[in-house]
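The primary structure of each chain is shown beneath.
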Amino acid sequence: MSCGAAHLSDLPDDLLLRVLHFAPAKEAASTTALSRGWRSQLWRSSGAVNLETRVEAYDRYRRRRYRADKSEEPDVALFFSRRDAFVSAAEAALDAADVPVTRLTLRLEFVGCEDSVNTFLHRDRDDIYIDSDSDSEGPPSPGRDVIAKLLSHRAASRVEELRLAAEKWSSRTDGCKEDEITSRDEVLTISLVSLPSDNLRVLELTACKALVPLPPASAVVFQRLSSLWLRHCTARIDALQSLVDAAPDLAAIHLESVTIAQQNDPSMSKYYYAYGLDPPSTETVRLRCPAATVLVLDRCNWKVKPRAWYHQDKPVVLTVEIHAPRLQRFRYKGILPPVSLSPPPPDLARADLHFLPRHDENVSNQTRKSDNDPSREGELDLVAFWRFLRSFPNARELKLRVTALEHIAILSKARRLELLPVLSNLHRLELHGVHRPKGRTAAVAIANLLRCCPALGDLLIDLTVAHHEPEYQHSKDVFLERKFRSGRDKSICLLNRYSSSAIMTPSPEVIAGGANYGEVSEIPALSRASFHCLQSSLTRVGLRFRLEEANCFGVKLIKFFAENAMVLQEMCIDAGNEKLGNHMACKVERWVADSCIKRKPGASKFVVLPLK
């Protein structure tokens, strides 16, 4: 203990302040007991106040009959006394700061339903009543808002980083930790007017059920706000837009598991009903992000406008237009969206698109499908996929993750002319996807992508074979994580299993012979077509697949690119794990040395390396 204390005393104050900058306020204040060097109450100069508290289940204290039964009044008083004690402690921590507070964090852990947090943040003891004929609570206190009160403190006026979060906890009895986060219910209500606007640079909100928008004529401007993070929130589009409009330098926008709703207009439903008209079959949502250079949409849900019961059976197609002319990096994860970047950002450096399977529960809030829609559950929308790619004609790097390559394959020439975009500036393409064992239709999808990229220089294809498993049709986030990552023992077992079969065995004997190159068949969808990038720009190809047989789809792709990529300089191969990858690389090198691979006249020489 003394040795540890001596080490703490020897640390420079700058390092200690950095540690205290991220410590909860209660723990930071208790550091004065650690050693002599901490007794100067160094925590007051950290520039951060990180508040944490647990809100107990309100049902434990709630009086079922406030006016008739006074027996539970002490429990009610205990609930609110704990809330008042937290507010007093929080204000004391803000008052104790010797330097401007630049980081303010409020983290609530609650047990039970969201009513506990709502009462904790927005109600007084006198608001809690239940009439004998009603089970509803009275309105919140007009002057009671714990978050607004803390944000209005004079010490919070210079806050640069603000983080507000709520997390639901429950007791565990299954041998795990006693307390553990189980879910993130949306419980917080944040008024944008209450946020400190002068110096705020970073705003992070977690589990927010409502953002109260700025008034139309509001003078609030977040001049320095550059980063916005919303996680597990629900926000109306007008509230989100008012925040973006009030931040002229908002460069990074991260929306994770956010439900974006539209403002309801009940008068229009009544108008359509009165005149016997059907509401529009399409709705367009527009989000303007004029200063954004980074935009992340991770499993977000765009909801259609609420409709009257007599119009709920009408199918609605929702389209989302995002105006972000300065965008440089874009990341999307979710079902295939009706989203477009309009106009396409001219300086987009990288786009990362991860498409998840489409399921009925995910589609219901975005697109209400008609009864005659032939698309089956889990299938990506072919038209939406290729139209979405039209938003990236200027992208220099593109990463695609799809559930099944067959779902994005355009089979007819007429449809290719109609749907395929031109990604004229794309230099690097990374494709991750699942395919059926033979890979015939998957090859069409790869051919479609090669046609779109006339200047492609670096191509990585990461393949996973679907052996008619249920996960192929119904997987969600895990289909790309089911990669073959066996160790040394599994590698040796696989080699022994196939040593006496007709399947290609990457053993030293076969590698030395190299006579089985002729067993590898052509890929008609690729070998019968001509691609501009293969003739002039594609210098590096990376292939990752699981080596299962001599004529598997991955080996066919090796043969195709080795024979047709005229300016190829480097081919990198991962055939399932490091050992098999090395074997496969040696085999291809032997094919090249023995002139088995028929390179076209004028083609460059290339090296074969394991893919790292």
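## Some thoughts on a nonpolar patch on the surface
So, step 1. A grouping of Leu11, Leu15 and Val19 is seen on the molecular surface, where their side chains present a nonpolar patch of about 230 Å² in accessible area.
So, step 2. One can find leucine 15 in helix H2 (residues 13–21).

## Things to note about the sheet that holds strand E11 (residues 259–261)
So, step 1. Pairing within the open sheet is parallel, and its three strands lie in the order E9-E11-E14. In this open sheet, the two edge strands, each paired with only one partner strand, are strand E9 (234–236) and strand E14 (301–302).
So, step 2. Across the sheet, helix H7 (residues 237–245) is in contact with E9 and E11; its angle to E9 comes to roughly 80°.

## Considering the nonpolar core
So, step 1. Counting 145 residues, the largest nonpolar core has Leu188, Phe330 and Phe561 as its most contacted members.
So, step 2. A total of nine residues in this core trace back to one element, the largest contributor, which is helix H12 (residues 440–452).
So, step 3. Counting residues in hydrophobic clusters, the runner-up holds seven residues, among them Leu16, Leu20, Ala23 and Leu42.

## Brief notes about the packing of aromatic side chains
So, step 1. Going through the model one piece at a time under the given rule, you end up with twelve aromatic pairs.
So, step 2. A centroid spacing of 6.4 Å and a plane angle of 90° characterise the contact between phenylalanine 531 and phenylalanine 560, whose relative ring orientation is edge-to-face. Residue phenylalanine 531 is found in the loop between helix H16 (524–527) and helix H17 (532–536), and its partner phenylalanine 560 is found in helix H18 (residues 553–564); the two are separated by 29 residues along the sequence.
So, step 3. By relative accessible area, which is 5% here, phenylalanine 560 ends up buried.
So, step 4. Here a set of aromatic residues connected by ring pairs shows up, and it is made of Phe330, Tyr332, Phe355, Phe385, Trp386, Phe388 and Phe392.

## Looking at the pairing of strand E1 (residues 48–55)
So, step 1. Here E1 lies mainly inside the structure; six of its eight residues are buried.
So, step 2. In terms of strand pairing, E1 meets strand E2 (residues 103–111) through eight bridges, oriented parallel. The partner of alanine 48 across the bridge, within E2, is arginine 103.

## What to know about the environment of arginine 390
So, step 1. Tracing the backbone through its elements, the reader meets arginine 390 in the loop between helix H10 (382–389) and strand E19 (397–402).
So, step 2. Since its relative accessible area comes to 38%, arginine 390 is described here as partly exposed.
So, step 3. For the pair formed by arginine 390 and leucine 341, sequence separation is 49 residues and the distance between their alpha carbons is 8.6 Å.
So, step 4. Apart from the residues within four sequence positions on either side, arginine 390 is in contact with Pro344, Glu418, Leu419 and Pro421.

## Side note on H18
So, step 1. Between its terminal C-alpha atoms H18 stretches 16 Å, which fits the 16 Å expected from twelve residues at 1.5 Å a residue.
So, step 2. The element H18 is largely enclosed, with a buried count of twelve among its twelve residues.
So, step 3. For H18, the full list of buried residues reads Phe553, Gly554, Val555, Lys556, Leu557, Ile558, Lys559, Phe560, Phe561, Ala562, Glu563 and Asn564.

## Things to note about the state of the cysteines
Cysteine pairs can be covalently joined through their sulfur atoms, and such a bond is termed a disulfide.
So, step 1. Summed over all chains, the structure comprises zero disulfides.
So, step 2. The structure places no disulfide on cysteine 300, whose sulfur is separated from the nearest cysteine sulfur, that of cysteine 233, by 10.0 Å.
So, step 3. On the basis of relative accessibility, which here comes to 11%, the residue cysteine 300 falls in the buried class.

## Looking at the confidence of the model for the protein
So, step 1. Per-residue pLDDT for the protein has a mean of 76; in total, 68% of the residues score no lower than 70.
So, step 2. Between the elements of the protein, mean pLDDT differs from a low of 35, seen in helix H15 (residues 508–513), to a high of 97, seen in strand E10 (residues 252–256).
So, step 3. Of the regions scoring below 50 in pLDDT, residues 129–140 engages in 27 contacts with residues more than four places distant in sequence or in other chains.

Cut-off values and rules
Residues numbered from 1 in each chain as written. Predicted model: local features only at pLDDT ≥ 70, side-chain atom pairs only at ≥ 80, totals over all residues. Heavy atoms only, no water. Patch = residues over 30% accessible without salt bridge, like charges linked within 9 Å, V, L, I, M, F, W, Y side chains within 5 Å. Areas by Shrake-Rupley, 256 points an atom, 1.4 Å probe, with all protein chains shown as cover. Salt bridge = Lys/Arg side-chain N within 4 Å of Asp/Glu carboxyl O. Helix = DSSP H or I, 4+ residues; strand = E, 2+ residues; numbered from the N terminus. Pairing = 2+ DSSP bridges. Contact = heavy atoms within 4.5 Å. Axes fitted to C-alpha atoms, helices over the stretch in contact; angles between N-to-C directions. Core = buried A, V, L, I, M, F, W, Y, C linked by side-chain atoms within 4.5 Å. Buried < 20%, exposed > 50% of the residue type's maximum accessible area, 1.4 Å probe, protein only. Phe/Tyr/Trp six-rings, centres within 6.5 Å; stacked < 30°, edge-to-face > 60°. Expected span 1.5 Å × (residues − 1). Disulfide = S-S within 2.5 Å. pLDDT = per-residue confidence, 0-100.

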